[in-house]
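Below are the chains, spelled out letter by letter.
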Amino acid sequence: MNADFRSDTLTQATPAMRAAMAAADVGDDVYGEDPTVNELQERIAALTGKESALFCTSGTQSNLSAVLSHGQRGDEYLIGENYHILLNEVSGASALGGMSPWPIKVDETGGIDPSDVISAIKEPDQHHPVTNLLCLENTVNGFVQSVELISELAKTAQESGLSVHLDGARLFNAAVALDVPVSSFTKSVDTVSLCLSKGLGAPVGSVLAGSQETINKAFRIRKMLGGGTRQAGHLAAAGLYALDHHVDRLAEDHHRAEQIAKGLSGIAGLEVNQASNMLWVTPLPELHAGLAKCLEEKNVKVIPWNPTMRIVTHLDIDDSHVDYLVQVFQDFFSDL
Ligand SMILES: Cc1ncc(COP(=O)(O)O)c(C=O)c1O
């Protein structure tokens, strides 16, 4: 058994998704002539309740296109201190757009306190950068942010003149977990990026949605970032297929993560936190290296971060993988 729980980005396109990709009607998307890309963009605009949408090659590209569309050199954006745009997107907004991030503290589930947004906004003064954007994220490391919190944070920022961008790489996970439409989260924010290549199982793609004016700006920035692609409809077809077939099934990923949490919950010396399709597992410090080695030897792939390991369920994980992982953990601890 080879069970790869490192990330939901590891999924391989299913035969049916590959067939949809091969059969897609395509054109040159730089000319705006790819019907399948256009269909995907219209579909995401409708799902998010926005005027327009833009197909991007990755979440990093759609987030960066959004952030740079909202600001200019010397501006500042507020962002949760552990959010992906801040930590894992190569500081693109600073490097390419001259915009500086101002990290805001988050609680243990990635939530921001609205009062911390207010106190982080700089007074208009010749010494200060102009604070003009708040970047949110959902889910944050698997933790679902409530509709109420996202709405309150967005309202707080917008009342102070800021725009709001939501990194929704896993927003479908949040929507499925709470059984609400994606638009519940997106109606309060100005832009949202939705990834197709995470839980939804497409090989490539993220779609940015927002007002026509903002998407027009993002369109030029995407081109500058090398994201103007040609017969991208083959890739957009995977996204359309995923929207039709892989959204509701995210509940299965969440259920399997719960099953793992249940299976590991009784183990002394192991702390387990489950959040949608992710689990955060912390063994006693003296057991970390041994557990990581054991998992590797048994072909159970997790991200063995120290002190806390990450386990992610996804489209290519079934019940037999879950049972195997739980057994390997139980055996390791019972053999101590
Ligand atoms: C929360 C979040 N946002 C954005 C991204 C970036 O997506 P990509 O890897 O497609 O650039 C990721 C990637 O894992 C992510 O987890």
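Undergrad: Can you walk me through empty space enclosed by the protein in this structure?
TA: Empty space among the atoms can be located by rolling a probe the size of a water molecule over them. Across all of its chains, the model carries 2 cavities of 30 Å³ or more by this definition. Of the volumes computed, that of the largest cavity is approximately 70 Å³. Thr 60, Asn 63, Leu 64, Val 67, Tyr 77, Ile 85, Glu 89, Ser 91, Gly 92 and Ala 93 are the residues that line the largest cavity. Of all the elements in the fold, those that place two or more residues in the lining of the largest cavity are helix H3 (59–70) and helix H5 (92–97). Here the lining of the largest cavity gets 4 residues from one element, more than from any other, and that element is H3.

Undergrad: Teacher, can you tell me more about the pattern of salt bridges here?
TA: A side chain of one charge can pair with a side chain of the opposite charge when the charged atoms of the two come close. Applying the stated rule across the entire model yields 12 salt bridges. Close ionic contact of Asp 28 with Arg 230 constitutes a salt bridge, the shortest N to O distance being 3.2 Å. Here Asp 28 is found in the loop between helix H1 (15–23) and helix H2 (35–48), whereas its partner Arg 230 is found in the loop between helix H10 (212–224) and helix H11 (233–245), with 202 residues between them in sequence. Salt-bridge contacts for Glu 252 lead to Arg 256; the nearest nitrogen and oxygen are separated by 3.8 Å. Taken as a pair, Glu 252 and Arg 256 lie in helix H12 (residues 250–265) at a separation of 4 residues, close to a single helical turn. Note on Arg 256: relative accessible area 13%, which makes it buried. Residues joined in a network through salt bridges with shared partners are Glu 252, Arg 256 and Asp 319.

Criteria and cut-off values
Counting from 1, residues in each chain are numbered in the order their sequence is written. With pLDDT at 70 or above as the cut-off, local features in this predicted model cover only qualifying residues; side-chain atom pairs require 80 or more to be listed or tallied, and sums for whole chains, interfaces and linings still use all residues. The side-chain values count all of the structure's non-hydrogen atoms but skip hydrogen atoms and water molecules. For each structure, a 1 Å grid was placed over the protein atoms alone; sets of points admitting a 1.4 Å probe that cannot get out are labelled cavities, open sets with protein on both sides within 12 Å along at least five of seven lines are labelled pockets, and lining residues have an atom within 4 Å of a point. Grid points are joined across faces, edges and corners, and a volume is the space filled by probe spheres set on the points. Where helices and strands are cited, they refer to DSSP runs of H or I of at least four residues and of E of at least two residues respectively, numbered from the N terminus. Take a side-chain nitrogen of Lys or Arg and a carboxyl oxygen of Asp or Glu: if they are within 4 Å of each other, that pair is a salt bridge. With a 1.4 Å probe rolled over the protein chains alone, any residue whose accessible area is under 20% of its type maximum counts as buried; one over 50% counts as exposed, and the rest are partly exposed.

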